[in-house]
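Summary of structural features
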Amino acid sequence: MPWFGMDIGGTLTKLVYFEPKDITPDELDKEAEILSNIRKYLTKNSAYGKTGHRDTHLQMDDVEIRGRRGSLHFIRFPTAEMSNFLSLAKSKGMAQLVTTVCATGGGAFKFEENFRKEVNMKLAKFDELDALIKGILFTETHNRSECYYWENASDISISEEKAFDFSQPYPFILVNVGSGVSVLAVHGPDNYKRISGTSLGGGTFLGLCCLLTGCHTFEEAIQLATKGDHRNVDKLVKDIYGGDYERFALPGDLVASSFGQMNSKERRNTVSREDLANATLVTITNNIGSIARMCASNEKIDKVVFVGNFLRVNPISMKLLAYAMDYWSKGTLKALFLEHEGYFGAIGCLLQFNGELNSHFSNELLT
């Protein structure tokens, strides 16, 4: 059985490792010794090389997958570091194991030949949206504190995280924020459709922040954004009307034009890196929130669930999204968030593997 599920995205690769605790006698052989060494390496460390990290706070214990009990570990690294990941995997003996790894995301196609050549692994590829839905439902069932919302969303300065009962989820709008954004209407575990999306997502935020501020990592970009003030960059309603636009109930502090102040040389000379990062975050978040609200309105669904690695270490965006949902819907829409954020695709494709190559993929994988 392959104990790995991978979601190889455009910016970040997510790896879910299932560590079985009930070792069987059949596993006590030479191959199992290699697996044991890999297991020890993965579970005894929280960092791998310079860019790989295990999110220890997300670990799930006493989980059952196909009759085996164990723990789920959650590991991430930049997709740009794939060659280093494969070299590390090879050095740990993975190339000695003829095995299949469950994978989803565009990288499952892009890097398939690299996996075969470097570590002797075949990739069983699964549709990323199928995997995403299955991963969410499985995780929520096994972690009752998975879903939460921000109470007092109308005031970001005092909003607080609160648990939400997601045991009766349908229907809901699912907004998956990765490098880009996909929006789904979900009416059941096998009944969903992609209804919208945008190319302006987490990859856009990071790319623009790198250009505008000289930062190098997502974490650095978020730290800058947390300290900045977008009002020094954006043009607000009050900058145009001198106050509120009362006819349409638009408050003066509402953004009228993202980066609208930056046509002024004087304003450009006084703006900080932190302000630019915050304005970039607000721009991307407002766009996502606007699309999500319109989709929810069109589908007549009042629950909107946001997932994806854009939300990792990023409470400021969650609060902004919660505020946008609450404000523009006049309190009728609730923005929901999930603890395991961007790992659901990796979980879902691991769950779908049935112990043998699915016939849908077998011809492709065996050629």
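Residues numbered from 1 in each chain as written. Predicted model: local features only at pLDDT ≥ 70, side-chain atom pairs only at ≥ 80, totals over all residues. Heavy atoms only, no water.

In the annotation of an unreviewed UniProt entry, the entry for the chain reads pantothenate kinase, and the organism field reads Corethrella appendiculata. In its Subcellular location (unreviewed entry) section, the UniProt entry covering the chain states "Cytoplasm". (UniProt positions renumbered as here; feature names shortened; annotations may be inferred.)

1. Looking at the overall build of the chain
Helices and strands together make up the secondary structure of the chain, namely 13 helices and 17 strands. Against the 2.2 N^0.38 benchmark of 21 Å for 367 residues, the chain shows a C-alpha radius of gyration of 22 Å, consistent with a compact globule. Considered along the principal axes of its C-alpha atoms, the chain spans approximately 75 × 45 × 35 Å. Long-range pairs, those at least 24 residues apart, make up 67% of the contacts in the chain between residues at least 6 apart in sequence. If you sum the accessible surface of the chain, you get close to 17,500 Å²; carbon and sulfur atoms cover 48% of it. Taken together, the 40 basic and 45 acidic charged side chains of the chain have centroids lying 4 Å from each other. (Helix = DSSP H or I, 4+ residues; strand = E, 2+ residues; numbered from the N terminus. Rg over C-alpha atoms; globule rule 2.2 N^0.38 Å. Contact = heavy atoms within 4.5 Å. Areas by Shrake-Rupley, 256 points an atom, 1.4 Å probe, with all protein chains shown as cover. Lys, Arg positive; Asp, Glu negative; His and termini not counted. Charge placed at Lys NZ, Arg CZ, Asp CG, Glu CD.)

2. As for the packing of helix α7 (residues 218-227) against helix α10 (residues 273-299)
Between α7 and α10, whose axes approach to 7 Å, the crossing angle comes to 100 degrees. Viewed along their axes, α7 and α10 adopt a mutual orientation that is roughly perpendicular. The segment α7 lies against α10, with E220, A221, I222, L224, A225 and K227 engaging R273, E274, A277, N278 and L281. For the contact of α7 with α10, a count of residues per class yields six nonpolar, one polar and four charged. (Axes fitted to C-alpha atoms, helices over the stretch in contact; angles between N-to-C directions. Parallel < 35°, antiparallel > 145°, perpendicular 65-115°, else oblique. Nonpolar A, V, L, I, M, F, W, Y, C, P; charged D, E, K, R; others polar.)

3. A word on the nonpolar core
Ranked by size, the top nonpolar core spans 61 residues in total, and within it M6, L72, F115 and L174 carry the most contacts. Per-element tally for this core: the top contributor is helix α5 (residues 128-142), with six residues. When we break this core down by domain, the ones giving at least three residues each are domain 1 (3-135 + 343-352) and domain 2 (147-230 + 272-338). Those residues in contact with L72, other than ones at most four positions away along the chain, are V16, Y17, F18, Q59, M60, V63, I65, F138 and L350. Counting 38 residues, the second-largest nonpolar core is a separate cluster that includes I173, A296, L311 and M318. (Core = buried A, V, L, I, M, F, W, Y, C linked by side-chain atoms within 4.5 Å. Buried < 20%, exposed > 50% of the residue type's maximum accessible area, 1.4 Å probe, protein only. Domains from an automatic or database assignment.)

4. What to know about the state of the cysteines
Enumeration over the complete set of coordinates arrives at zero disulfides. Between C209, a free cysteine, and C215, which holds the nearest cysteine sulfur, the sulfur-to-sulfur gap is 5.2 Å. Note on C209: relative accessible area 0%, which makes it buried. As a non-bridged cysteine, C295 has C147 as the owner of its nearest cysteine sulfur, 19 Å distant. (Disulfide = S-S within 2.5 Å.)

5. Examining the sheet that holds strand β16 (residues 303-307)
Here seven strands make up an open sheet; going across it, the order is β10-β9-β17-β16-β11-β12-β13 and the pairing mixed. What marks the edges here is a single partner per strand, and that holds for β10 (160-163) and β13 (191-198). Put simply, the sheet's adjacent strands are angled 30 degrees from each other on average, direction ignored. Strand direction decides the pairing type here: strand β9 (residues 147-151) and strand β17 (residues 334-338), joined by two bridges, are antiparallel. Across the sheet, residue Y148 finds its bridge partner in β17, namely F337. (Pairing = 2+ DSSP bridges.)

6. What about the domain arrangement of the chain?
Here the chain is described as being made up of domain 1 (3-135 + 343-352), domain 2 (147-230 + 272-338) and domain 3 (234-270). When each unit is reduced to the centre of its C-alpha atoms, the spacing between domain 1 and domain 2 is 27 Å. With twelve residues of domain 1 at the interface, the matching set in domain 2 holds 15 residues. If you sort the residues of domain 1 by the area they bury against domain 2, L129, L132 and I133 come out on top, with a joint share of 46%. For the pair domain 1 and domain 2, the interface holds two salt bridges. Inspection of the region where domain 1 meets domain 2 yields two residue pairs in polar contact (both at pLDDT 80 or more). Mapped by element, the contributors of at least two residues to the side of domain 1 that touches domain 2 are β2 (12-20) and α5. It is α5 that provides the largest number of residues to the side of domain 1 that touches domain 2, a total of five residues. (Buried area = accessible area lost by both parts, 1.4 Å probe. Salt bridge = Lys/Arg side-chain N within 4 Å of Asp/Glu carboxyl O. Polar contact = N/O pair within 3.5 Å; in protein donor to acceptor, adjacent residues only side chain to side chain.)

7. Observations concerning the pairing of strand β8 (residues 121-125)
Burial analysis of β8 places four of its five residues in the buried class, which makes it a mostly covered element. Here strand β7 (residues 99-104) runs beside β8; their pairing, made up of five bridges, is parallel. Looking at the pairing, V101 lines up with L123 of β8.

8. A word on the confidence of the model for the chain
When the pLDDT values of the chain are averaged, the result is 89; 93% of them are 70 or greater. Per-element confidence in the chain is highest for helix α6 (residues 202-213), whose mean pLDDT is 97, and lowest for helix α13 (residues 359-366), whose mean pLDDT is 33. Under a pLDDT of 50 for its full length, residues 356-367 has, in the predicted model, 16 contacts with residues more than four places off or in other chains. (pLDDT = per-residue confidence, 0-100.)

9. Quick look at α5
For α5, spanning 15 residues, the distance from its first C-alpha to its last is 21 Å, which sits close to the expected 21 Å at 1.5 Å a residue. When we look at burial in α5, the residues that qualify are L129, A131, L132, I133, G135, I136, F138, T139 and E140. Where α5 starts, the residue carrying a side-chain oxygen 3.0 Å from the main-chain nitrogen of L129 turns out to be D127. (Expected span 1.5 Å × (residues − 1).)

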